[in-house]
Amino acid sequence: MNIIVSIKQVPDLVEELEIAASGKELNREWLKYKINEFDDHALEEALCLKETLGATVTVIALDGEDIDKVLFTAAAKEADKLVKVTGVGDNPSSHEAAKALAGVISGMPCDLILTGVQAADDRDGQLGVLLAHYLGVPHVSVVTGVSVAGNTATVHKEYGGGVIAEFEVSLPAVLGIQAARQTPRYVPVARVRQAMRAATIDEVGGNTGGVSAGTSISRMFKPESGAGAQMLEGAPADIAAKIVGIIREKGIKV
Amino acid sequence: MNIIVIAEHFKNSIEDITFEMLGKGKELAGATGGQLIAVLLGNDAKALADNLRAAARIVYCDSPHFAEFNPEAYGKALAAIVPGLSPGMILVANTSAGMDLAAGLSVDLGIPLVAYANAITAGSATSQLYGGKVNVESALAAGPVIIAVLPGSFAADAGKGGGAPAVEAVAAPDFSSLKTRFNKRMEPESGDVDITQQDVLVSVGRGIQNEENLAIVQALADKLGGALASSRPIVDNKWLPKTRQVGKSGLKVKPKVYLAVGISGAPEHWEGMKDAECIIAINVDPKAPIFGFAHYGTTADLFDVVPAITAAI
Ligand SMILES: Cc1cc2nc3c(=O)[nH]c(=O)nc-3n(C[C@H](O)[C@H](O)[C@H](O)COP(=O)(O)OP(=O)(O)OC[C@H]3O[C@@H](n4cnc5c(N)ncnc54)[C@H](O)[C@@H]3O)c2cc1C
Ligand SMILES: Nc1ncnc2c1ncn2[C@@H]1O[C@H](COP(=O)(O)O)[C@@H](O)[C@H]1O
């Protein structure tokens, strides 16, 4: 079985995000990037499938900030092949990224494509679903469980309230992974360094085929942070006393 | 401009997000001199259609393949039905099911998509991105556009009731070659506590760092006579059962007091706790989105302030 996992770097949301002077993009100079957390889950699920069924796991990413390191980290986790798609430009829209990936993936052996369910910056939609439609294959997103038998995947899709629907999907298919069956594995830096020496990244030219998001960004702005919250100041004990007061005011008898 | 609302329903009942979209759609159709059209896919959908009377026109399609949501069957039907409605704007829920539809429709019909929208005008849509830290407004070009609407963005009441719209049935497309088959639906196992029935919830997020530290927040929940709830990553790490998860894919809760401890307040978390009477947030990041909608907040370290609250009771 051939499993392709697509991964992407996103701004680390724990860091401060600054809007550029144009008001239409983030100031990227100081942005800290990290792998989209759902891609970590997609890779983990692929590696679990490899361990149980045997599979070749190929990790694919569009060229971008620190992408080599992310690919080598995947290799250190036992991904078999690394592919970097070049020539697409910085910060492509989901439609452009999906079209470029579809072009490359259609020339690769592939039974299952796992993407992260979404990323924090995909204004024009989730790439997995777009990719599936460009490839003309079925898809399920918000997936929390995958098993494969023969030419069919049995997948669990999550709805609100933790309700799960089980589907059977004929392969090849795209699945948008929300959570892997287990917490994504960790690899020490030494193993990543080792992978940097041992593994190679295949570079393939990508083509967005003229698609675009179809709308343009007119403005970026921060929601008024703290607009609603009355901030409590002081030493921890003072803050604690205030919080206890608020809780009592709400009629909680403590 | 005709506004098309793709109705979302679950377990034979129309979801609130549908009414939110109908209410907003009515306003937009009115402002642009268009018609509000609801599209409903279901099995024996006619009875459900009666709930969508806020629309001027209801188009429904019946098929046994729609008895449960199926990304492929629903997508195929919408791609066949929507173009005939002269759409200006197509509103789809930004939900688990809606996510499977909006982007597919965008490719199939060659129509742009703006996702995660929490504000819409005739010429713009605003996406809530970066975990709720930045809003991005898109200018909409002429021609049809698909907008995926975040639940909780608009008033549901505005989309309820209504008049006597034209109701018409359309035939389902050929489903003989579907590659996606629905098997079964599974409810989460009921847990030891029902977090939807508590007056006080101490809800913990990734800021707690590790499983052992949960004892700190559990101690506070016990002292307050409430229960421990959490954000999604805590459940994904299997530190707490699914029944404790609050949010889009977890439970919706409305306690008197919701103490959010080390939770950033991502839109998917907000969806589950926005109706709490009093939200108190403890988060070291002054820019955390949670402070935008909490009633009280502190940027003190949870490891200092949580034990201090426990001690103060
Ligand atoms: C389809 C879908 C459905 C989802 N459904 C849900 C859902 O139902 N529920 C849900 O919660 N999420 C859901 N998510 C995930 C959601 O997008 C966020 O990833 C998640 O809510 C983040 O959880 P968090 O706030 O605990 O973690 P983070 O966003 O990592 O936030 C941790 C916070 O802790 C703070 N912190 C760190 N250390 C301290 C300290 N010492 N003291 C005080 N504060 C500290 C940090 O400043 C940070 O703000 C869903 C995502 C998707 C794509
Ligand atoms: N530039 C990219 N390169 C590779 N994969 C991507 C890229 N953008 C998005 N993806 C994949 O699509 C998923 C959803 O991302 P998004 O469409 O941005 O919500 C990500 O988690 C990745 O798996």
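Look above for the structure.
Residues numbered from 1 in each chain as written. Chains lettered and ligands numbered in written order. Predicted model: local features only at pLDDT ≥ 70, side-chain atom pairs only at ≥ 80, totals over all residues. Heavy atoms only, no water.

1. Description of the overall build of chain B
Okay, step 1: In terms of regular secondary structure, chain B is built from eight helices and 17 strands.
Okay, step 2: Taking 2.2 N^0.38 as the reference for a compact globule, 313 residues should give roughly 20 Å; the C-alpha atoms of chain B span a radius of gyration of 21 Å, in line with that estimate.
Okay, step 3: Taken over the C-alpha atoms alone, chain B extends approximately 65 × 40 × 35 Å along its principal axes.
Okay, step 4: Residues classed as buried in chain B amount to 58% of the 313 residues present.
Okay, step 5: A separation of at least 24 residues holds for 63% of the contacts in chain B among residues at least 6 apart in sequence.
Okay, step 6: With the model as given, the accessible surface of chain B reaches about 11200 Å², and the carbon-plus-sulfur share is 49%.
Okay, step 7: Put simply, chain B has 25 plus and 32 minus side-chain charges, and the middle of one group is 2 Å from the middle of the other. (Helix = DSSP H or I, 4+ residues; strand = E, 2+ residues; numbered from the N terminus. Rg over C-alpha atoms; globule rule 2.2 N^0.38 Å. Buried < 20%, exposed > 50% of the residue type's maximum accessible area, 1.4 Å probe, protein only. Contact = heavy atoms within 4.5 Å. Areas by Shrake-Rupley, 256 points an atom, 1.4 Å probe, with all protein chains shown as cover. Lys, Arg positive; Asp, Glu negative; His and termini not counted. Charge placed at Lys NZ, Arg CZ, Asp CG, Glu CD.)

2. Quick look at the site of ligand 2
Residue and element names in this part refer to chain A.
Okay, step 1: Around ligand 2 sit 18 residues in total, of which S6, K8, D39, D122 and L127 are the nearest.
Okay, step 2: Between N36 and ligand 2, the recorded distance is 2.8 Å, taken from a side-chain N or O atom to an oxygen atom.
Okay, step 3: Note that an oxygen atom of ligand 2 is positioned 2.7 Å from one of the backbone N or O atoms of A119.
Okay, step 4: Protein contact buries 95% of the 470 Å² of open area that ligand 2 shows by itself.
Okay, step 5: For the shell around ligand 2, the secondary-structure elements that each account for two or more residues are strand 4 (56–62), helix 3 (94–105) and strand 6 (112–116).
Okay, step 6: Take the shell around ligand 2: its biggest share by element is three residues, from strand 4. (Near = heavy atom within 4 Å. Polar contact = N/O pair within 3.5 Å; in protein donor to acceptor, adjacent residues only side chain to side chain.)

3. As for the interface of chain B and chain A
Okay, step 1: Taken together, the contacts link 88 residues of chain B with 86 residues of chain A.
Okay, step 2: Per-residue buried area on chain B facing chain A is highest for M99(B), Y130(B) and E137(B); these three make up 10% of the total on that side.
Okay, step 3: Our enumeration of links across chain B and chain A arrives at seven salt bridges.
Okay, step 4: Across the salt bridge formed by E16(A) and K287(B), the nearest N and O atoms sit 2.9 Å from each other.
Okay, step 5: Between chain B and chain A we count 40 residue pairs in polar contact (both at pLDDT 80 or more) in total.
Okay, step 6: Of the residues forming the side of chain B that touches chain A, the biggest block, nine residues, is contributed by helix 4 (residues 96–109) of chain B.
Okay, step 7: The class makeup of the residues in the side of chain B that touches chain A is 42 nonpolar, 21 polar and 25 charged.
Okay, step 8: Pairing between strand 13 (residues 230–231) of chain A and strand 17 (residues 296–298) of chain B: two bridges, direction parallel. For M231(A), the partnering residue across the bridge sits in strand 17 of chain B and is G297(B). (Buried area = accessible area lost by both parts, 1.4 Å probe. Salt bridge = Lys/Arg side-chain N within 4 Å of Asp/Glu carboxyl O. Nonpolar A, V, L, I, M, F, W, Y, C, P; charged D, E, K, R; others polar. Pairing = 2+ DSSP bridges.)

4. With respect to the packing of helix 4 (residues 127–135) of chain A against helix 4 of chain B
Okay, step 1: Axis separation between helix 4 of chain A and helix 4 of chain B bottoms out at 8 Å; the angle between their running directions is 40°. When the interaxial angle is binned, helix 4 of chain A and helix 4 of chain B end up oblique. Of the two possible hands of crossing, helix 4 of chain A and helix 4 of chain B adopt the one that is right-handed. Every residue of helix 4 of chain B that contacts helix 4 of chain A at V129(A), L130(A), H133(A) and Y134(A) is listed here: M99(B), D100(B), A103(B), G104(B), V107(B) and D108(B).
Okay, step 2: Partitioned by chemical class, the residues of the contact of helix 4 of chain A with helix 4 of chain B number six nonpolar, two polar and two charged. (Axes fitted to C-alpha atoms, helices over the stretch in contact; angles between N-to-C directions. Parallel < 35°, antiparallel > 145°, perpendicular 65-115°, else oblique. Left-handed = near helix turned anticlockwise from the far one by under 90°.)

5. Here's the deal with the site of ligand 1
Okay, step 1: Residues in close proximity to ligand 1 total 30 residues, the closest being S231(B), Q245(B), S249(B), S264(B) and N283(B).
Okay, step 2: Those chains with residues close to ligand 1 are chains A and B.
Okay, step 3: At 2.7 Å from an oxygen atom of ligand 1 is found a side-chain nitrogen or oxygen belonging to Q245(B).
Okay, step 4: A total of 1000 Å² of accessible area belongs to ligand 1 in isolation, and the protein chains cover 89% of it.
Okay, step 5: Those elements that provide at least two residues to the shell around ligand 1 are helix 1 (37–53) of chain A together with helix 6 (232–236), helix 7 (267–273) and helix 8 (302–312) of chain B.
Okay, step 6: A per-class count over the shell around ligand 1 returns ten nonpolar, 13 polar and seven charged.

6. Focus: the sheet that holds strand 9 (residues 164–170) of chain A
Pairing between the strands of a sheet is mediated by backbone hydrogen bonds and can be parallel or antiparallel.
Okay, step 1: What the ten strands build is an open sheet, ordered 11(A)-5(A)-4(A)-1(A)-6(A)-10(A)-7(A)-8(A)-9(A)-12(B); its pairing is mixed. For this open sheet the edge positions go to strand 11 (201–205) of chain A together with strand 12 (180–186) of chain B, each flanked by a neighbour on one side alone. Pairs of neighbouring strands in the sheet enclose a mean axial angle of 30°, with direction left out of account.
Okay, step 2: Examined bridge by bridge, strand 9 of chain A and strand 12 of chain B share six bridges and lie antiparallel to one another. Pairing of E168(A) across the sheet is with R181(B), part of strand 12 of chain B.
Okay, step 3: Of the strands in this sheet, strand 1 (2–6), strand 4, strand 6, strand 7 (139–149) and strand 10 (173–177) of chain A are in contact with helix 1 of chain A, which crosses strand 6 of chain A at around 150°.
Okay, step 4: This element, helix 4 of chain B, spans strand 7 and strand 8 (152–158) of chain A of the sheet and lies at about 95° to strand 7 of chain A.

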